[in-house]
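# Structural features, examined
Spelled out, the chains give:
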Amino acid sequence: MINGKKVVIIMPAYNAEKTLKQTYDEIYKDFVDEVILVDDNSQDNTKIVSKELNITTIVHKENKGYGGNQKSCYKAALKANADIVVMLHPDYQYTPKLIPAIVSMMAFGEYDAVLASRMLGNSALKGGMPLYKFVANKFLTGFENIFTGEKLSEYHTGFRGFTREVLEKLPLDACDNDFIFDNEMIALLFYYGFKIGEVSCPTKYFKEASSINFVRSCKYGLGVLAVSVKYRLAKMGILTKIFKPDAEKLDLNTELEYYFQ
Ligand SMILES: Nc1nc2c(ncn2[C@@H]2O[C@H](COP(=O)(O)OP(=O)(O)OP(=O)(O)O)[C@@H](O)[C@H]2O)c(=O)[nH]1
Ligand SMILES: [Mg+2]
């Protein structure tokens, strides 16, 4: 707890057995009330390692994708009465040591969401981000800033925090089940008028931390361009899927697949 707010860390996991323990061990537990991992039908022992670490472990019976996994994570966090939720990838790519910084930016009411940015400062390439991802990140960020009229240093980090209010209000069930989920969520944050803060974050690239290849990155990049254009159209009154008033929010009455005991 911090300032009376319950803090829950969520980990969307897929084949994370090799990096999970190291990631979990670096979480500064004083602030954190619960850690929840959703295993998206991994082919390895992710759920077993997770349970051994006493993490609340939820398992998908079939692979739902990165966005589908996050939907389950946020539902589980809301059901656990979280006030502040931080998504941390279990692949040890982002340092858990920033969790207190991220949480405190929301715990005292200053921000509704916080992004840990690899592009603030000068550490992305030094940390091993492939040059094509760096250039694409810069380009897509510039494009999206123009179309949203906002100013973020990146829209593509997987290390982010949200208040309960954000997770209850955004129509996250209407969002994509694949990687573009992350980008849609930021567009929705701006669309609903939430305040987003950024902290600088070192990044690490190594084999287990990075599975998205060039083709998948291209698909993601095109998705980002589409989200940016749809956001602008929505601002002009032309509404599509996630920007419609009846777009589905997270339904807490649906069952999470199963808790691994
Ligand atoms: N549910 C699900 N999650 C996945 C899948 N592939 C990767 N992930 C998870 O999505 C997150 C991001 O994927 P990564 O492979 O680490 O992506 P990356 O190459 O590091 O991406 P960048 O950091 O942007 O370069 C990780 O936490 C993975 O566990 C998948 O097929 N399904
Ligand atoms: Mg990664």
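Counting of residues starts from 1 at the beginning of each chain's written sequence and follows it residue by residue. Lettering of chains starts at A and numbering of ligands starts at 1, both following the order in which they are written. Restriction of local features to residues with pLDDT of at least 70 applies here, the model being predicted, together with a cutoff of 80 or more for giving and counting side-chain atom pairs; totals for whole chains, interfaces and linings are based on all residues. Note that water and hydrogens are dropped before the side-chain values are worked out from all heavy atoms of the structure.

### Remarks on the state of the cysteines
In plain terms, two cysteine sulfur atoms within 2.5 Å form what is called a disulfide here. Under the definition given, this model contains zero disulfides. No disulfide involves C73; its sulfur sits 14 Å from that of C175, the nearest cysteine. The buried category is assigned to C73, whose relative accessible area is 0%. The buried label applies to any residue whose accessible area, calculated with a 1.4 Å probe on protein chains only, is under 20% of its type's maximum; exposed applies above 50%, and partly exposed to all values in between.

### Re the side chain of T148
Note that T148 resides in helix α5 (residues 131–148). Contacts were defined at the residue level, with two residues in contact if any of their heavy atoms lie within 4.5 Å. T148 has contacts with Y155, Y231 and R232, leaving out every residue within four places of it along the chain. Helical segments are the DSSP runs of H or I of at least four residues, strand segments are the runs of E of at least two, and each set is numbered from the N terminus.

### So, the pattern of salt bridges
Opposite charge on two side chains lets them pair, provided their charged atoms get close. When a carboxyl oxygen of Asp or Glu lies within 4 Å of a side-chain nitrogen of Lys or Arg, that pair is called a salt bridge. Summed over all chains, the structure comprises ten salt bridges. Where R118 meets E154, a salt bridge forms, and the shortest distance between an N and an O atom there is 2.9 Å. With R118 in the loop between β5 (113–117) and α5 and E154 in the loop between α5 and β6 (160–163), this pair connects stretches of sequence that are 36 residues apart. Judged by relative accessible area, R118 falls into the buried class, the value being 5%. By relative accessible area, E154 is classed as buried at 0%.

### Focus: the coordination of the magnesium ion (ligand 2)
Only nitrogen, oxygen and sulfur atoms qualify as donors, and only when within 2.8 Å of the metal (3.2 Å in the case of Na, K and Ca); with water excluded, sites may look incomplete. Coordination sphere of the magnesium ion (ligand 2), protein contribution only: D91 (OD), Q93 (OE1) and A209 (O), at 2.0 to 2.2 Å. Between consecutive donor residues of the magnesium ion (ligand 2), the sequence gaps follow D-x1-Q-x115-A. In this pair, Q93 is assigned in the loop between β4 (84–87) and α4 (99–107) and A209 in the loop between β7 (196–200) and α8 (214–235), connecting sequence segments 116 residues apart. Note on accessibility: Q93 and A209 belong to one class, buried.

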